[in-house]
Amino acid sequence: MSSEVERIAAIEDPFALLRAATERLSEAQQEVTDLSRLRRRTIQDLHATGLSYAQIAAQAGLSRGRIHQIRHTGPAPEGAFFGSGTVTVVTPLRPEPGKPRAAVSLDDLNTGKRLEDLVRSYDLTVQDDHVAVDGAVDLDRSGLVVVCGPRMSEAVAQTYAKDPVFVWERDEGGPWRIRDTRTGQVHAAGSDDSPPSASDIGYLGRLPRPDGAGSLLAIAGIHPAGSLGVAQWLTTDIATLWGQVGDKDFSVLIRTEYDPETNEPVKTEMATPLYRHDEDEA
C-alpha cells in the first residue's frame with residue numbers, strides 16, 4: 001500500500017476513516033482526469049510538430065494503437081482553460097424590489113448555468129457562488145469564473161483595472177462602454193444606440209487575482225445579453241481559444257447579436273483581436 005493509504009487505514013475512528021478515504025478518492029480521481037488531459041494534450045502537440053503516431057509510440061514505449069486511442073478519448077485538453085479540480089462559477093446577487101432578500105437575475109442564472117454545463121463537459125467539478133449585493137466577494141481562490149461587471153463590485157472593478165488593454169468607462173449617468181487602448185476604438189452596446197439594435201459587447205479575460213497568487217476568468221457584458229453571448233461563444237470556440245492563450249492572461253471582446261424577446265444569442269463573434277497580456281508586456 002502507498003503511504004497515504006496506510007495513513008488512512010490507520011485511522012481508528014471509522015467515521016473519520018470514511019471521510020478521509022472519500023476525500024482522497026476524490027483527489028485521486030481528479031488527478032487521473034488531469035493526467036489524462038495532459039497526456040492527450042502532449043500527444044496532440046507532438047503530432048502537430050509532424051511526428052506520426054508510430055514515432056510517438058516508439059519513443060513513449062506504447063503501441064501505436066494505444067497512442068491513437070489516447071489521442072481520441074478521455075478529457076479534452078481545452079478543459080484546462082478553466083483549470084483543474086473544482087471550478088467555481090460566481091454570479092452577482094441583485095436586490096429584489098420590495099423584498100428583504102436578494103436573488104440571481106434570470107439572465108445571470110442562464111449565463112451561469114451555461115458555463116457550469118460547459119465546465120462539466122470537461123469532467124471538471126463545478127460549484128456556484130455569488131457576489132454579494134454590497135459587492136463583497138473572495139477573489140483569492142483557484143478555479144474562479146466570475147460573471148460580474150465593474151458596476152456591481154469594487155473588488156471586481158479593481159480586477160478589471162489590471163487589464164493592460166481594455167478600459168471600462170462611462171460618462172456621468174451614461175451607458176458603459178469599453179475602450180481598446182491599443183486601437184483607440186470604443187465599443188458600445190447596440191441597445192444603447194439611437195435607434196437601438198439587439199446587440200451587445202461582452203468582455204472575456206483571464207486577469208490576476210488580488211493576492212497575486214494566480215488568475216481568474218472574468219466575464220461581463222455591457223448588458224446581461226453580452227455575458228450570455230460570451231458563454232455561448234466559449235461553447236463553440238474554446239478549443240481555438242485554448243490553443244492561442246493556454247493558461248496565460250489575456251482579454252478579448254465578443255460581439256453578440258441576440259433575440260430581443262429572449263436575450264438568446266443568435267450570432268457571436270470576436271469584436272477585437274485576442275490580446276495575450278504577456279506578449280503585450282514584451
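You'll find the structure just up there.
Residues numbered from 1 in each chain as written. Predicted model: local features only at pLDDT ≥ 70, side-chain atom pairs only at ≥ 80, totals over all residues. Heavy atoms only, no water.

Attention shifts here to the overall build of the protein chain. If you tally the helices and strands in the protein chain, you get eight helices and 13 strands. The principal-axis extent of the C-alpha atoms belonging to the protein chain is close to 65 × 55 × 40 Å. Within the protein chain, the proportion of its 282 residues that are buried is 39%. Across the protein chain, every contact between residues at least 6 apart in sequence was considered, and the portion connecting residues at least 24 apart equals 62%. Positive and negative charge centroids in the protein chain, built from 29 and 43 side chains respectively, lie 4 Å apart. (Helix = DSSP H or I, 4+ residues; strand = E, 2+ residues; numbered from the N terminus. Buried < 20%, exposed > 50% of the residue type's maximum accessible area, 1.4 Å probe, protein only. Contact = heavy atoms within 4.5 Å. Lys, Arg positive; Asp, Glu negative; His and termini not counted. Charge placed at Lys NZ, Arg CZ, Asp CG, Glu CD.)

Let us now look at the packing of aromatic side chains. Counted by the stated rule, this structure contains eight aromatic pairs. Ring geometry for Phe-81 versus Phe-82: centroids 5.3 Å apart, planes at 85 degrees, classification edge-to-face. On the accessibility criterion, Phe-82 (5% relative accessible area) is buried. For the pair Phe-81 and Phe-250, a centre-to-centre distance of 6.0 Å together with 50 degrees between the ring planes defines the contact as tilted. With Phe-81 in the loop between α4 (64–72) and β1 (86–92) and Phe-250 in strand β11 (residues 250–258), the pair connects residues that are 169 residues apart, well separated along the chain. For Phe-81, a relative accessible area of 2% puts it in the buried group. By way of ring pairs, the aromatic residues Tyr-160, Phe-166, Trp-168, Trp-176, Tyr-203 and Tyr-275 are connected into one cluster. (Phe/Tyr/Trp six-rings, centres within 6.5 Å; stacked < 30°, edge-to-face > 60°.)

Take the packing of helix α2 (residues 14–48) against α4 next. At a minimum axis distance of 8 Å, the contact between α2 and α4 shows a crossing angle of 110 degrees. Classified by the interaxial angle, the pair formed by α2 and α4 is roughly perpendicular. For the pair formed by α2 and α4, the contact residues are Arg-39, Arg-40, Ile-43 and Gln-44 on the first element and Arg-66, Ile-67, Ile-70, Arg-71 and His-72 on the second. The residue makeup of the contact of α2 with α4, split by class, is three nonpolar, two polar and four charged. (Axes fitted to C-alpha atoms, helices over the stretch in contact; angles between N-to-C directions. Parallel < 35°, antiparallel > 145°, perpendicular 65-115°, else oblique. Nonpolar A, V, L, I, M, F, W, Y, C, P; charged D, E, K, R; others polar.)

It is worth spelling out the side chain of Arg-276 at this point. As for its placement among the helices and strands, Arg-276 is situated in strand β13 (residues 275–276). Engagement of the side chain of Arg-276 in a polar contact is seen with the backbone oxygen of Gln-244, the distance being 3.1 Å. Of the polar contacts made by the side chain of Arg-276, one reaches the side chain of Asp-278; its length is 2.7 Å. If we skip the residues at most four places from it in the chain, Arg-276 touches Gln-244, Val-245, Lys-248, Asp-249 and Phe-250. (Polar contact = N/O pair within 3.5 Å; in protein donor to acceptor, adjacent residues only side chain to side chain.)

Only one face of strand β7 (residues 176–180) is covered, namely the face carrying Trp-176, Ile-178 and Asp-180; the face carrying Arg-177 and Arg-179 is uncovered. Bridging between strand β6 (residues 166–170) and β7 involves five bridges; their strand directions are antiparallel. Note that in β7 the partner of Phe-166 across the bridge is Asp-180. Between the end of β6 and the start of β7, which pair antiparallel, lie five residues, with Gly-173 showing a positive phi angle near 75 degrees. (Pairing = 2+ DSSP bridges.)

All right, on to the pairing of strand β10 (residues 215–221) then. For β10, the buried fraction is high: six of the seven residues fall into the buried class. Direction of pairing for strand β5 (residues 144–147) relative to β10: parallel, over a ladder of three bridges. Bridging from a neighbouring strand, Val-147 pairs with Ile-219 of β10. For strand β9 (residues 199–208) and β10, the ladder comprises seven bridges, and the chain directions are antiparallel. The partner of Leu-207 across the bridge, within β10, is Leu-216.

This paragraph deals with the side chain of His-277. Inspection of the secondary structure puts His-277 in helix α8 (residues 277–281). A distance of 2.8 Å separates a polar atom in the side chain of His-277 from a polar atom in the side chain of Ser-251. In this view, His-277 contacts Asp-163, Pro-164, Val-165, Arg-206, Leu-207, Asp-249, Phe-250 and Ser-251; residues no more than four positions away in its chain are not counted.

What follows concerns the pattern of salt bridges. Under the defined criterion, the tally for this structure stands at 17 salt bridges. Here Asp-117 and Arg-120 are joined by a salt bridge, their closest N and O atoms 3.7 Å apart. On the criterion of helical spacing, the pair formed by Asp-117 and Arg-120 is a turn pair, its members being three residues apart in helix α5 (residues 106–120). Residue Asp-117 is classed as partly exposed on the basis of its relative accessible area, which comes to 39%. Taken together, the shared-partner salt bridges in this structure form one network comprising Lys-113, Glu-116, Asp-117 and Arg-120. (Salt bridge = Lys/Arg side-chain N within 4 Å of Asp/Glu carboxyl O.)

Ranked by size, the top nonpolar core spans 27 residues in total, and within it Phe-81, Phe-82, Leu-204 and Leu-234 carry the most contacts. The greatest single-element share of this core, amounting to eight residues, is contributed by helix α7 (residues 224–245). Look past the residues within four positions of Leu-234 in its chain and what remains in contact with it is Phe-81, Leu-115, Leu-118, Leu-204, Ile-219 and Leu-241. Judged by nonpolar contacts, the second largest core, of 26 residues, contains Val-90, Val-156, Ile-178 and Ile-201. (Core = buried A, V, L, I, M, F, W, Y, C linked by side-chain atoms within 4.5 Å.)

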